[in-house]
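Single-letter residue listing:
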Amino acid sequence: MRSFIFGFVLTLAALALAEEMPVVDRVAQQNALFEEFYQTGLKNFPERATSYGDYRYNSQLGEYSLAEIARQHAESDSYLARLKAISTDGMSDNDKLSHRVLERQLERDDVNYSLKNYEMPVNQQNGVHTRLADMPNNMPFDSVPHYQDYVSRLSQIPRVLEQTTEVMRQGIKDGLMPPKLVLEKLPAQCDGIVAANPFLRPTTKFPPDFSDEDKKRLTDEIAKAVNDEVFPAYQKFADFLRNEYDPKGRPALSIETLPDGKHRYAEAVKMMTTLNITPEEVH
């Protein structure tokens, strides 16, 4: 109790100090937090960084484990607390809007975490299995180091699919399952990716200045990673979907059939409309 009171007093003191700071200093503090948050996002999601043209994390794939999801949630909560401690009094409308946009994003993330929506990471339209298959379309292949980055990412695909499986198994335990009608399509998607083998595509478009030695070496490394690591991981993931996950899909389509369904539906309405309104008000 004493530590709680002490922490509360410190928070009040921080808020009071923030209000006393000149507007220009608070805007600078807010912009620095925005930049830190952006850089953290690039580090946490290397594939996103690559798509933005930032290649610092090009050899890495993101972490998808339950432990990492919890860590990132705590990190987001820390950003939200720091943002709320910055008073927007006297700021321009644009700065106030920027503050509110990030605040809302972090608040929505907090709601999604509390509802454990992350335990349903795959559906018929989007999932880690399809995003990984798009990787050859979303990476630069204009230098030998960039090809080596690709080989490194291929070798991490088994870890990513294993972590995703861990999360989905937790979803089974918590009764958080997509509709069975949706899940029936997923194993065939994995089978189709293996049959099409998009992972070899970079070996067909080497830059003309690559030596024959580099072309052969990189082709061999990519083919080995695909055959020895990627395909077995995809086949294992497809088996998990087909034999363990899909049979437990929920029979109904309505989100209200999930645990705490009415609350989930109400929060989905807020997210989709970007307004703090109830389903009844929408209908």
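No experiment lies behind these values; they were computed from the predicted model shown. The numbers attached to residues start from 1 for each chain and follow its sequence in the written order. Only residues with pLDDT of at least 70 get local features here, since the model is predicted, and only at 80 or more are side-chain atom pairs given and counted; chain-wide, interface and lining totals rely on the full set of residues. No hydrogens and no water enter the side-chain calculation; it runs on all heavy atoms of the structure.

1. A short note on the packing of helix H9 (residues 186-196) against helix H10 (residues 212-245)
Reasoning step 1: Axes here refer to lines fitted to C-alpha atoms; in helices the fit is confined to the stretch in contact. Angles between the N-to-C directions go from 0 to 180 degrees. Working definition: helices are DSSP H or I runs of at least four residues, strands are E runs of at least two. Numbering for both runs from the N terminus. Relative orientation of the contacting elements H9 and H10 amounts to 165°, with a least axis distance of 8 Å. As the angle between them shows, H9 and H10 are arranged roughly antiparallel. Remark: the crossing between H9 and H10 carries left-handed chirality. In contact with Leu186, Pro187, Ala188, Cys190, Asp191, Ile193 and Val194 of H9, H10 contributes Phe231, Tyr234, Gln235, Phe237, Ala238, Leu241 and Arg242.
Reasoning step 2: Under the scheme applied here, ten amino acids are nonpolar (Ala, Val, Leu, Ile, Met, Phe, Trp, Tyr, Cys and Pro), four are charged (Asp, Glu, Lys and Arg), and all others, including Gly, are polar. Of the residues in the contact of H9 with H10, the class split is 11 nonpolar, 1 polar and 2 charged. Oblique is the label for any angle not under 35 degrees, not over 145, and not in the 65 to 115 range, which are roughly parallel, roughly antiparallel and roughly perpendicular in turn. Note on convention: the crossing is left-handed when the near helix lies turned anticlockwise from the far helix by less than a right angle, right-handed when the turn is clockwise. Working rule for contacts: check all heavy atoms of both residues, and any pair within 4.5 Å makes them a contact.

2. Things to note about the side chain of Asp95
Reasoning step 1: Within the secondary structure, Asp95 is located in helix H5 (residues 93-114).
Reasoning step 2: Of the buried charged residues, Asp95 lacks a salt bridge, with Arg26 as the closest side chain of opposite charge at 9.3 Å.
Reasoning step 3: Not counting chain neighbours up to four residues away, the residues in contact with Asp95 comprise Val27 and Gln30. A simple rule labels every residue: compare its accessible area, found with a 1.4 Å probe on the protein chains alone, to the largest value its type can have, and call it buried under 20%, exposed over 50%, or partly exposed in between. Lys and Arg are tallied as positive, Asp and Glu as negative. Neither His nor the chain termini are counted. A pair is scored as a salt bridge if a Lys or Arg side-chain nitrogen falls within 4 Å of a carboxyl oxygen belonging to Asp or Glu.

3. A few points about the environment of Glu75
Reasoning step 1: Following the sequence through the fold, Glu75 ends up in helix H4 (residues 66-84).
Reasoning step 2: Between the C-alpha atom of Glu75 and that of Thr40, which follows or precedes it by 35 residues, the distance is 9.3 Å.
Reasoning step 3: Not counting residues within four places of it along the chain, the set of residues in contact with Glu75 comprises Thr40 and Asn44.

4. Some points on the nonpolar core
Reasoning step 1: In this structure, Leu154, Ile157, Phe199 and Tyr234 are the most contacted members of the largest nonpolar core, which totals 39 residues.
Reasoning step 2: Elements with a minimum of two residues in this core: helix H6 (128-133), helix H7 (144-174), H9 and H10.
Reasoning step 3: Setting aside chain neighbours within four positions, we find Leu154 in contact with Met135, Phe199, Ile222, Ala225, Val226 and Val230.
Reasoning step 4: Residue types Ala, Val, Leu, Ile, Met, Phe, Trp, Tyr and Cys, when buried and joined through side-chain atoms within 4.5 Å, form a set referred to as a nonpolar core. Ranked by size, the runner-up nonpolar core spans 11 residues in total, among them Val27, Tyr79, Met91 and Leu102.

5. Topic: the pattern of salt bridges
Reasoning step 1: Inspection of every chain in the model, using the stated rule, returns 17 salt bridges.
Reasoning step 2: Linking Glu107 and Arg100 is a salt bridge whose minimum nitrogen-to-oxygen distance equals 3.2 Å.
Reasoning step 3: Relative accessible area serves as the criterion here: at 25%, Glu107 is assigned to the partly exposed category.
Reasoning step 4: Accessibility expressed as a relative area gives 40% for Arg100, which makes it partly exposed.
Reasoning step 5: With a closest N to O distance of 2.8 Å, Asp220 and Lys216 form a salt bridge. Of this pair, Asp220 and Lys216 are both found in helix H10, 4 residues apart, which corresponds to roughly one turn of the helix.
Reasoning step 6: Note on Asp220: relative accessible area 40%, which makes it partly exposed.
Reasoning step 7: Judged by relative accessible area, Lys216 falls into the exposed class, the value being 55%.
Reasoning step 8: One salt-bridge network, held together by shared partners, links Lys84, Arg100, Glu103 and Glu107.

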